[in-house]
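Per-entry structural report
The primary structure of each chain is shown beneath.
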Amino acid sequence: MDRRSFVKGSAGIVGGLALGGVSGAQDQQTVRIGSDIPYKPFEYRTQDGTLTGFDPAIAEAIFVEEMGMQYEFVDTGFDTIIPSLNNGNFRIIMSAMTINEQRDQKVDFSDPYFVAYQTVAILKGSDIQSLEDLKGKTVAVQKGTTGEAAAEELKKQFNGNLTIDSYDQIPGAFQALLRNQAVAVINDNAVNAQYTQEQENIVLLKGEGVAAERGKNAPDYLTLTVEEYGIAFRQDDDQFRKRVNEALNAVIGSGRYEEIYREFFPGNPPASILARARPAPGTTAMNGTATGGETTTGNATDS
């Protein structure tokens with residue numbers, strides 16, 4: 001897949017969402033969702049302030065279409081988003097959040113709904129041609145993300161010979177790259193690829209990496225990790241998590257997930273996600289069972 005075609009520059013299918021979500025009402029039928037905005041193409045606002053992106057579209061399908069509930073997004077810094085969830089500021093997190101063991105100790109996760117990679121964005125024509133070229137340089141990341149964790153791992157590999165500048169939001173990291181304050185941004189592939197669409201002088205560092213090593217359908221850019229995103233819940237909210245999981249699998253099994261995916265990304269949705277929830281043969285009803293591939297559980301760790 002061509003690295004510059006990974007993400008569509010779509011305004012999204014959720015153009016009808018108001019600034020903050022479907023409804024500002026805070027009652028039992030309105031689900032408050034913590035999310036770090038902007039993080040295009042997963043959650044961001046259009047010029048008129050409308051919230052759009054892959055996560056809001058999935059929220060619309062789960063809560064409105066499947067569960068008959070309303071929802072609103074609550075803009076929250078990613079480095080504090082789990083404590084904010086556990087303090088009761090909102091009921092769930094939908095914010096392109098990777099499922100991993102560290103987070104799994106603090107929250108419970110839904111079944112995975114997206115597969116991602118950590119990647120390296122660089123300036124076109126720069127001296128960075130391989131991962132080794134980052135030694136002794138400065139990279140930019142977003143605080144509290146798995147991109148920051150991947151950079152820390154890389155620093156260990158370089159025996160400390162790497163400077164990591166962490167920013168509150170990902171646009172700050174890319175501004176540092178464009179101003180030559182950093183030679184690379186380490187972050188999720190879909191978001192990095194979005195910047196390659198919008199900035200002609202930003203490209204993804206090529207190479208193979210972890211996805212190729214694991215036999216995944218690896219892209220032609222370097223992958224530092226293979227990860228899965230999940231919806232995060234407080235650990236005392238198990239019944240609601242189960243209901244949301246059922247609705248998520250219904251969205252996947254009905255074909256709605258694939259429609260939403262194609263609004264924001266080219267190519268096919270991850271096979272491991274689709275295989276988990278298919279309609280039973282000869283019916284249109286969701287049976288929640290896998291027809292092939294790997295079935296994952298609600299508390300899965302990184303793939």
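This text follows the structure it describes.
To keep things clear, this report deals only with the structure shown in the data block. Remember, predicted model here, so these are calculated numbers, not experimental data.

Moving on, we come to the packing of aromatic side chains. Using the criterion set out here, one finds 20 aromatic pairs in the structure. With centroids separated by 5.2 Å and ring planes inclined at 20°, the aromatic side chains of Phe-114 and Tyr-229 adopt a geometry described as stacked. On the criterion of sequence distance, the pair formed by Phe-114 in strand E7 (residues 114-123) and Tyr-229 in strand E12 (residues 225-229) is long-range, its members being 115 residues apart. Pair check on accessibility: Phe-114 and Tyr-229 agree, each one buried. Cluster of aromatic residues (ring-pair linked, three or more members): Tyr-39, Phe-42, Phe-54, Tyr-113, Phe-114, Tyr-229, Tyr-257, Tyr-261, Phe-264 and Phe-265. One residue, Lys-40, lies across the ring of Tyr-44, its end atom 4.9 Å from the ring centre. The residue whose ring lies beneath Arg-91 is Phe-240, and the NZ or CZ to ring-centre distance is 3.8 Å.

At a closest axis distance of 9 Å, the pairing of helix H1 (residues 54-66) and helix H8 (residues 238-253) adopts a crossing angle of 105°. Viewed along their axes, H1 and H8 adopt a mutual orientation that is roughly perpendicular. Listed contacts from H8 to Ala-61, Ile-62, Phe-63 and Glu-66 of H1 are Phe-240, Val-244, Ala-247, Leu-248, Ala-250 and Val-251. Of the residues that constitute the contact of H1 with H8, the class distribution is nine nonpolar, no polar and one charged.

With that out of the way, let us pick up helix H6 (residues 189-198). Counting buried positions along H6 gives eight out of 10 residues, so the element sits mostly inside the fold. For H6, the complete set of buried residues consists of Asn-189, Ala-190, Val-191, Asn-192, Ala-193, Gln-194, Tyr-195 and Thr-196. Turning to H6, the residues buried within the fold contact E7, helix H5 (170-178), strand E10 (184-188) and strand E11 (202-204).

Moving on, we get to the pattern of salt bridges. Here the structure, examined in full by the defined rule, presents 13 salt bridges. When the shortest N-O distance is used, the salt bridge between Glu-258 and Arg-262 registers 2.8 Å. With Glu-258 and Arg-262 both in helix H9 (residues 256-264) and four residues apart, the pair spans about one turn of that helix. Given a relative accessible area of 32%, Arg-262 falls into the partly exposed group. Through salt bridges with shared partners, a single network forms among Glu-65, Arg-256 and Glu-259.

A separate point is the pairing of strand E1 (residues 30-35). Looking along a regular strand, one sees the side chains alternate between the two faces of the sheet. Counting buried positions along E1 yields five of six residues, so the element is predominantly enclosed. As paired strands, E1 and strand E4 (residues 70-75) are joined by six bridges and run parallel to one another. Bridging from a neighbouring strand, Ile-33 pairs with Phe-73 of E4. Alignment of E1 against strand E5 (residues 92-93), held across two bridges, turns out to be parallel. Bridging from a neighbouring strand, Ile-33 pairs with Ile-92 of E5.

The biggest cluster of nonpolar side chains holds 63 residues, and the ones touching the most others in it are Phe-42, Phe-54, Ile-62, Phe-63, Phe-114 and Tyr-257. Among the elements that line this core, the one with the most residues is H1, at seven residues. With sequence-adjacent residues up to four places away left out, Phe-114 is seen in contact with Phe-42, Phe-54, Glu-227, Glu-228, Tyr-229, Tyr-257, Tyr-261, Phe-265 and Ile-273. Val-120, Val-141, Ala-151 and Leu-224 belong to the second-largest nonpolar core, a separate cluster that totals 18 residues.

A few words on unusual backbone geometry. Negative phi values dominate among residues other than glycine, just as trans dominates among peptide bonds. Cis peptide bonds are those with omega within 30 degrees of zero, and the linkage from Ile-37 to Pro-38 qualifies with 10°. Summarising the element assignment, Pro-38 is placed in the loop between E1 and strand E2 (44-45). Look at the link from Lys-40 to Pro-41: it is a cis peptide, with omega at 15°. The residue Pro-41 is located in the loop between E1 and E2 in this model. At Asn-159, a position not held by glycine, the phi torsion is positive, near 55°. By the element assignment, Asn-159 lies in the loop between helix H4 (146-157) and strand E9 (163-167). Using a relative accessible area of 75% as the deciding quantity, one classes Asn-159 as exposed.

Contact pair H1 / H9: the axes reach a minimum separation of 9 Å and the direction vectors enclose 160°. On the basis of the axis angle, H1 is roughly antiparallel to H9. Here H1 runs over H9; the crossing is right-handed. Contacts between H1 and H9 involve Phe-54, Ala-57, Ile-58, Ala-61 and Glu-65 on the former and, on the latter, Arg-256, Tyr-257, Ile-260, Tyr-261 and Phe-264. Taken together, the residues of the contact of H1 with H9 break down into eight nonpolar, no polar and two charged.

Rules of the game
Residues numbered from 1 in each chain as written. Predicted model: local features only at pLDDT ≥ 70, side-chain atom pairs only at ≥ 80, totals over all residues. Heavy atoms only, no water. Phe/Tyr/Trp six-rings, centres within 6.5 Å; stacked < 30°, edge-to-face > 60°. Helix = DSSP H or I, 4+ residues; strand = E, 2+ residues; numbered from the N terminus. Buried < 20%, exposed > 50% of the residue type's maximum accessible area, 1.4 Å probe, protein only. Lys NZ or Arg CZ within 6 Å of the ring centre and 35° of its normal. Axes fitted to C-alpha atoms, helices over the stretch in contact; angles between N-to-C directions. Parallel < 35°, antiparallel > 145°, perpendicular 65-115°, else oblique. Contact = heavy atoms within 4.5 Å. Nonpolar A, V, L, I, M, F, W, Y, C, P; charged D, E, K, R; others polar. Salt bridge = Lys/Arg side-chain N within 4 Å of Asp/Glu carboxyl O. Pairing = 2+ DSSP bridges. Core = buried A, V, L, I, M, F, W, Y, C linked by side-chain atoms within 4.5 Å. Left-handed = near helix turned anticlockwise from the far one by under 90°.

Keep in mind that these numbers describe shape and distance, not what the molecule does.
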